[in-house]
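Working through the structure, step by step
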Amino acid sequence: MTSAHQYSNEWDKLNQQLPKWLEQSREQYVNGKVASYIPELSKAPINALGIHMIDSYGNHITAGETKLTFTMQSISKVFTLLLALMDNGKDVVFDKVGMEPTGDSFNSMLKLELVQPGIPFNPLINAGAIAISSLIAGGSPEEKSERVLQFFRKLSFNDTLTYDKAVYHSEAESADLNRSMAYFLKDNGVLKGNVDDVLDVYFRHCSILTTSSDLARMALVLAYDGTDPITGISLVPRQYVQIAKTFMVTCGMYNASGEFAIEVGLPAKSGVAGGILTMVPGKYGIGIVGPALNAKGNSIAGVHLLTTMSREMDWSIF
Ligand code: GLN
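In what follows, the accompanying structure is described. (Residues numbered from 1 in each chain as written. Predicted model: local features only at pLDDT ≥ 70, side-chain atom pairs only at ≥ 80, totals over all residues. Heavy atoms only, no water.)

Comments concerning the site of the ligand
The ligand sits among Tyr-37, Gln-73, Ser-74, Phe-106, Asn-126, Glu-171, Asn-178, Tyr-202, Cys-206, Tyr-254, Gly-271 and Val-272. Residue Gln-73 places a side-chain N or O atom 2.6 Å away from a nitrogen atom belonging to the ligand. One of the side-chain N or O atoms of Tyr-202 is found 2.6 Å from an oxygen atom in the ligand. Among the residues forming the shell around the ligand, the class breakdown is six nonpolar, five polar and one charged. (Near = heavy atom within 4 Å. Polar contact = N/O pair within 3.5 Å; in protein donor to acceptor, adjacent residues only side chain to side chain. Nonpolar A, V, L, I, M, F, W, Y, C, P; charged D, E, K, R; others polar.)

A closer look at the pairing of strand S7 (residues 275-280)
With respect to burial, S7 is a largely interior element, six of its six residues being buried. Of the two faces of S7, both are covered, the one formed by Gly-275, Leu-277 and Met-279 as well as the one formed by Ile-276, Thr-278 and Val-280. The pairing of strand S6 (residues 268-270) with S7 spans three bridges and is antiparallel. For Ser-270, the partnering residue across the bridge sits in S7 and is Ile-276. What sits between S6 and S7 in their antiparallel hairpin is a turn of four residues, with Gly-274 showing a positive phi close to 105°. Summarising the sheet, S7 and strand S8 (residues 284-289) pair through six bridges and their orientation is antiparallel. (Buried < 20%, exposed > 50% of the residue type's maximum accessible area, 1.4 Å probe, protein only. Helix = DSSP H or I, 4+ residues; strand = E, 2+ residues; numbered from the N terminus. Pairing = 2+ DSSP bridges.)

Concerning the sheet that holds strand S3 (residues 70-71)
One open sheet holds the three strands; their spatial order is S3-S5-S4, and the pairing between them is antiparallel. Of all strands in the sheet, those with a lone pairing partner are S3 and strand S4 (162-163), marking the two edges. Bridging between S3 and strand S5 (residues 208-210) involves two bridges; their strand directions are antiparallel. The residue of S5 that forms the bridge with Phe-70 is Thr-210. In this fold helix H9 (residues 195-206) packs onto S3, S4 and S5, with an angle of close to 10° to the strand it touches most, S5. (Contact = heavy atoms within 4.5 Å. Axes fitted to C-alpha atoms, helices over the stretch in contact; angles between N-to-C directions.)

Some details on the nonpolar core
Grouped together as the largest cluster of nonpolar side chains are 72 residues, with contacts concentrated most on Phe-79, Val-93, Phe-152, Leu-222 and Leu-277. For Leu-277, the residues in contact, after removing those within four places along its chain, are Ile-75, Phe-79, Leu-215, Met-218, Ala-219, Leu-222, Met-248, Pro-267, Ala-268, Lys-269 and Ile-286. (Core = buried A, V, L, I, M, F, W, Y, C linked by side-chain atoms within 4.5 Å.)

Written out as structure tokens, the structure reads:
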């Protein structure tokens, strides 16, 4: 256990060093690209980098562009998984999605046909998250999306959280690959109901507008196994948070999850808008934004910064 003395040394060191580490990592943007396959995302500032950290007492440390807003994209998949688990239980969810990393890119369909019974390998790839969207309880896509939004608001302690309409429309208009995946899943018996309705729930949760502060707050709840340490409110059953965090370690950084586990060693989830949600379990929630992505679709400067922080602070859980 960390003593209060050690803890304050660690927090002091972070406070002092973080601005310098952030500026060093920011330079990485020259080797990255902003996502453009969803046209609206290409407007993000390529050289931005911001980080927000929260501890269990509600203390904050921030550096860089923490005011920047961006859409959650794949980060939302962690939380729709939690809601689907709470709505249906483990057996129903894992009848429709597997528990294994693919080693393929996040939008690949390859293994759906290659490996029987043709269910998505895990809930954090696009095919898996689309299957999860169909499991959210609600009588209509509107009701499902509203339940998702309310759940995200509860976990972020931010009642103003909402969708970015421009990004939502931009994705809906350019989602041929996700659409084809959803039809394939329906044919395989993974998806029930109307494909467009399921996709609407998926596009909406990907386009929830957020900040690094929201991500840090949501991560803090996961860092404390589903019970918010600041308010003491229990938000998600511990056994489901454990499942989500395990997926974050094995699949959260797409097909770079192995390298990230070695270099950083923390549960994390990235999104193509440049966000990363991560945590030091039992200690801090962390939100990062850096829109320039590496070849695997992760924030290039964000991963660099987390690599430095984990090394300097000895944070790897392994
Ligand atoms: N909405 C994005 C998509 O479906 C999410 C992908 C991501 O963040 N990796 O392509």
